[in-house]
Amino acid sequence: MSRLIEQFQRLPGVGPKTAQRLALHILKRPEAEVQALAQALLDAKQQVGVCSRCFHLSAEPVCEICRNPGRDRSTICVVADSRDVIALEKTREYKGLYHVLGGLVSPMDGIGPEQLNISPLVRRVNQEKTEEVILAISPSVEGETTTLYIGQLLKPFTRVTRIAFGLPMGGDLEYADEVTLARAMEGRQELD
Amino acid sequence: MFLEQLHLRHFRNYEDQPIAFTAPKTILVGDNAQGKSNVLEAVELLATLRSHRGGRDRDLVQTDHSESIITARLRRLSGDTKLAMTLRNSGRRTVAINGETQKRQLDFLGVINAVQFSSLDLDLVRGGPGERRRWLDVLLVQLEPVYAHILQQYQTVLKQRNALLKQRRSHLTNPGTTAPIDPTQLALWDAQLATAGTRVIRRRARAIARLAPIAQQWHHNISGQQEILELRYASNVAVESAAQDDAGVIQQAFLHQIKEKAIAEQYQGTSLVGPHRDEIEFLINQTPARQYGSQGQQRTLVLALKLAELILIESVISEPPLLLLDDVLAELDLKRQNQLLETIQDRFQTLITATHLGAFDAQWVQSAQILTVKAGQLHQA
Ligand SMILES: Nc1ncnc2c1ncn2[C@@H]1O[C@H](COP(=O)(O)OP(=O)(O)OP(=O)(O)O)[C@@H](O)[C@H]1O
Ligand SMILES: [Mg+2]
Ligand SMILES: [Zn+2]
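This is a predicted model, so every value here is computed, not measured.

### Quick word on the overall build of chain B
Here is step 1 of the chain: For chain B, the count of helices and strands is 13 helices and 15 strands.
Here is step 2 of the chain: Scaling as 2.2 N^0.38, a compact globule of 381 residues should have a C-alpha radius of gyration of about 21 Å, and chain B matches this with 23 Å.
Here is step 3 of the chain: With respect to the principal axes defined by its C-alpha atoms, chain B has extents near 70 × 55 × 40 Å.
Here is step 4 of the chain: Counting across all 381 residues of chain B, residues that qualify as buried make up 54%.

Pasting the structure below:
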């Protein structure tokens, strides 16, 4: 029991009380249900990798968004994390493709541009004849540096815009509500 | 503004202590280590989100407990406000205004304004430049709460840039093991440091410009028209004083200075330009108070600064802030005590700690609310 609580407590946003409640809940469920949960956890871990084009989480080599013929291939929205793709998809406002960087430039954490999926982005933009790259990166100090860095790299090849304003100060895309995000997407600005 | 009620739960040596403030002046009297300063510290936390004692939140939570709750009821011109702050051993804090939890701690700042004055404040004159920067920053947060965010952003950029400079240095001394640093990235951090730093510099310059004449007037009065006090903002990024409010000029000077110090930064692996190296100079009759000021002069100076803070905050927020006097009143001679008391009168709600009432003027002790403090318990005397 305490082993289970301890495991739950390692999950993001789960404190000791929630962990205990979850553990008690699990113990009350029928064994088949718990089995299904455990299997789903393992399958997800073993089968979900990243899309070879956009680096979004995907069970297939190329993700659903990249495969969808209905999406506008002339725009790429660049985000830090797969969570941001999920948040933007909820708005149903954006119809183009994505590119997931896998983090932000942060020397303190030993993350430079080389550690992020930036070179593949530059290659994509050149090969796919992208018309617009939208940088949808949180306006934190690290987000700002990452935005400016990518902007400088891509400016010679394509139109680069950014969304950020309207988001809470230093906020995460994940926490912005759908209305705010949709509005930010509409009001994006040319990166100078 | 008037703090009507304060309630401490599991805070420091208080188990569960409600306090009702009933007079413009409240004296907390008791022996050493009974919990007098702890009350003032709770108010300081509500006003500034920090304690000048430093330390971690777990030190604020009563021993053997996991969380502490400070609540307060405040009367302001704009209406009554209820504040609550939860401190936890884990370090996670929650703040609420009128029962509504604030997503950003920043939004909690500026509800209670307070000037803190303790015997430690002599370090303002005697200590290093870091003490003076901290003092000015705390004042700026009171004047303009968004400054807390501005300062934090600057500090983050600074840390990131320092980390990058350190990486570059280890690459230069040991090219085999680490990758070279992309100059494009460094240039971006330079620009960010200059942008964020300029915001800090302009605000510090403005605050000193407004504070200096008020402090000078007070110092002149208290010293019996003998001395001229000057406060000077000696920013590490030097621009002519006429340009001190021009963001463009400061940013230019900032980037120029970074260029000039490039070699030194390369060797030292740390940022040598920016407001983290600012100084605020105190001069009495044109000589630095730090080296040449006598004890008495230094005390007069600190008192003048604190009075100036009170007046400046009052004029900016259009309401008198609270004054927290920790041990310091008894240390002032009667003349300076009276100067201070005449200024605050009944306008500024004042919380005073003391070990005895003997050192005070009998008349105003009579008009004050006296609370005795003993082992984490308060009693109306
Ligand atoms: N986290 C804590 N839990 C329990 N007690 C604490 C905690 N932190 C501090 N104390 C106690 O609080 C007391 C100090 O309180 P405080 O600093 O308010 O004293 P004071 O009355 O101002 O004394 P002085 O006159 O010396 O300044 C000490 O007895 C200390 O042990
Ligand atoms: Mg004390
Ligand atoms: Zn994809």
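### Re the packing of aromatic side chains
Here is step 1 of the chain: Counted by the stated rule, this structure contains three aromatic pairs over all chains.
Here is step 2 of the chain: Ring centres 5.2 Å apart and planes at 65 degrees place the aromatic pair Tyr-94 of chain A and Tyr-98 of chain A in the edge-to-face group. Of the two residues, Tyr-94 of chain A and Tyr-98 of chain A, neither departs from the other in class, the shared state being buried.
Here is step 3 of the chain: Ring centres of Trp-135 of chain B and Phe-282 of chain B lie 6.1 Å apart, and the angle between their planes is 75 degrees; this geometry places the pair in the edge-to-face category. Residue Trp-135 of chain B is found in helix H4 (residues 129–143), and its partner Phe-282 of chain B is found in strand E10 (residues 279–284); the two are separated by 147 residues along the sequence.
Here is step 4 of the chain: Judged by relative accessible area, Phe-282 of chain B falls into the buried class, the value being 6%.

### As for the environment of Asp-109 of chain A
Residues and elements named next belong to chain A.
Here is step 1 of the chain: Relative to the elements of secondary structure, Asp-109 occurs in the loop between strand E4 (96–100) and helix H6 (119–127).
Here is step 2 of the chain: Each C-alpha atom, one on Asp-109 and one on Gln-7, is 25 Å from the other, the two residues being 102 residues apart in sequence.
Here is step 3 of the chain: Side chain to side chain, Asp-109 and Ser-106 meet in a polar contact 2.7 Å long.

### With respect to the interface of chain A and chain B
Here is step 1 of the chain: Taken together, the contact between chain A and chain B spans 17 residues of the former and 18 residues of the latter.
Here is step 2 of the chain: At the boundary of chain A with chain B, total buried surface from both sides reaches about 1,500 Å², with 65% on carbon and sulfur atoms.
Here is step 3 of the chain: One can count seven residue pairs in polar contact (both at pLDDT 80 or more) joining chain A with chain B.
Here is step 4 of the chain: Per-class residue counts for the side of chain A that touches chain B are nine nonpolar, five polar and three charged.

### Digging into the sheet that holds strand E3 (residues 25–29) of chain B
Residues and elements named next belong to chain B.
Here is step 1 of the chain: A sheet is described by the order of its strands in space; here six strands give the open sequence E8-E12-E13-E3-E14-E15, paired in mixed fashion. Strands with a single pairing partner mark the edges of an open sheet, and in this sheet they are strand E8 (114–118) and strand E15 (377–380). Ignoring strand direction, the axes of neighbouring strands in this sheet form an average angle of 20 degrees.
Here is step 2 of the chain: Of the pairings in the sheet, the one linking E8 to strand E12 (residues 322–326) comprises five bridges and is parallel in character. Considered in E12, the bridge of Phe-117 is made with Leu-325.

### Considerations on the sheet that holds strand E2 (residues 14–20) of chain B
Two pairing modes exist for strands in a sheet, parallel and antiparallel, and in both the strands are linked by backbone hydrogen bonds.
All names here are of chain B.
Here is step 1 of the chain: Taking strand neighbours across the sheet as the criterion, the six strands line up as E2-E1-E4-E5-E6-E7 in an open arrangement whose pairing is antiparallel. Looking along the sheet, the strands with just one partner apiece sit at the ends: E2 and strand E7 (100–101).
Here is step 2 of the chain: Pairing of strand E5 (residues 79–88) with strand E6 (residues 94–97), which is carried by four bridges, proceeds in the antiparallel orientation. Opposite Met-85, over in E6, you have Val-95 as the bridge partner.

### Let's talk about the coordination of the zinc ion (ligand 3)
Residues and elements named next belong to chain A.
Here is step 1 of the chain: Here the zinc ion (ligand 3) is held by Cys-51 (SG), Cys-54 (SG), Cys-63 (SG) and Cys-66 (SG), and the distances to it run 2.2 to 2.4 Å.
Here is step 2 of the chain: Bound by four donor atoms, the zinc ion (ligand 3) shows angles of 106 to 113 degrees at the metal and therefore tetrahedral coordination geometry.
Here is step 3 of the chain: Each donor residue of the zinc ion (ligand 3) lies on the same chain, and together they follow the pattern C-x2-C-x8-C-x2-C. Of this pair, Cys-54 sits in the loop between strand E1 (49–50) and strand E2 (57–58) while Cys-66 sits in helix H4 (residues 64–67), and the two are 12 residues apart along the sequence. Assigned by exposure class, Cys-54 and Cys-66 land together as buried.

### As for the pairing of strand E6 (residues 159–163) of chain A
Along any regular strand the residues' side chains alternate between the sheet's two faces.
All names here are of chain A.
Here is step 1 of the chain: Within E6, four of the five residues are buried, leaving the element largely enclosed by the surrounding structure.
Here is step 2 of the chain: Direction of pairing for strand E5 (residues 132–136) relative to E6: parallel, over a ladder of five bridges. In the strand pairing of E6, Ala-136 is matched with Ile-163.
Here is step 3 of the chain: In the classification by handedness, the crossover that spans E5, the intervening helix H7 (residues 141–154) and the parallel E6 is right-handed.
Here is step 4 of the chain: Here E6 pairs with strand E7 (residues 189–190) via two bridges, running antiparallel.

### Considering the site of ligand 1
Residues and elements named next belong to chain B.
Here is step 1 of the chain: Around ligand 1 sit 16 residues, and of these Ala-33, Lys-36, Ser-37, Asn-38 and Arg-53 come closest.
Here is step 2 of the chain: Note that an oxygen atom of ligand 1 is positioned 3.1 Å from one of the backbone N or O atoms of Gln-34.
Here is step 3 of the chain: Lys-36 is positioned such that a nitrogen or oxygen atom in its side chain is 2.8 Å from an oxygen atom of ligand 1.
Here is step 4 of the chain: Surface burial for ligand 1 is 71%, taken as the share of its 660 Å² of free accessible area covered by protein chains.
Here is step 5 of the chain: In terms of residue count, helix H1 (residues 36–48) provides more of the shell around ligand 1 than any other element does, three residues in total.

Criteria and thresholds
Residues numbered from 1 in each chain as written. Chains lettered and ligands numbered in written order. Predicted model: local features only at pLDDT ≥ 70, side-chain atom pairs only at ≥ 80, totals over all residues. Heavy atoms only, no water. Helix = DSSP H or I, 4+ residues; strand = E, 2+ residues; numbered from the N terminus. Rg over C-alpha atoms; globule rule 2.2 N^0.38 Å. Buried < 20%, exposed > 50% of the residue type's maximum accessible area, 1.4 Å probe, protein only. Phe/Tyr/Trp six-rings, centres within 6.5 Å; stacked < 30°, edge-to-face > 60°. Polar contact = N/O pair within 3.5 Å; in protein donor to acceptor, adjacent residues only side chain to side chain. Contact = heavy atoms within 4.5 Å. Buried area = accessible area lost by both parts, 1.4 Å probe. Nonpolar A, V, L, I, M, F, W, Y, C, P; charged D, E, K, R; others polar. Pairing = 2+ DSSP bridges. Axes fitted to C-alpha atoms, helices over the stretch in contact; angles between N-to-C directions. Donors = N, O, S within 2.8 Å, 3.2 Å for Na, K, Ca; no water. Tetrahedral: all angles 85-135°; square planar, octahedral: opposite > 155°, others 65-115°. Right-handed = clockwise from strand over helix to strand, strands pointing away. Near = heavy atom within 4 Å. Areas by Shrake-Rupley, 256 points an atom, 1.4 Å probe, with all protein chains shown as cover.

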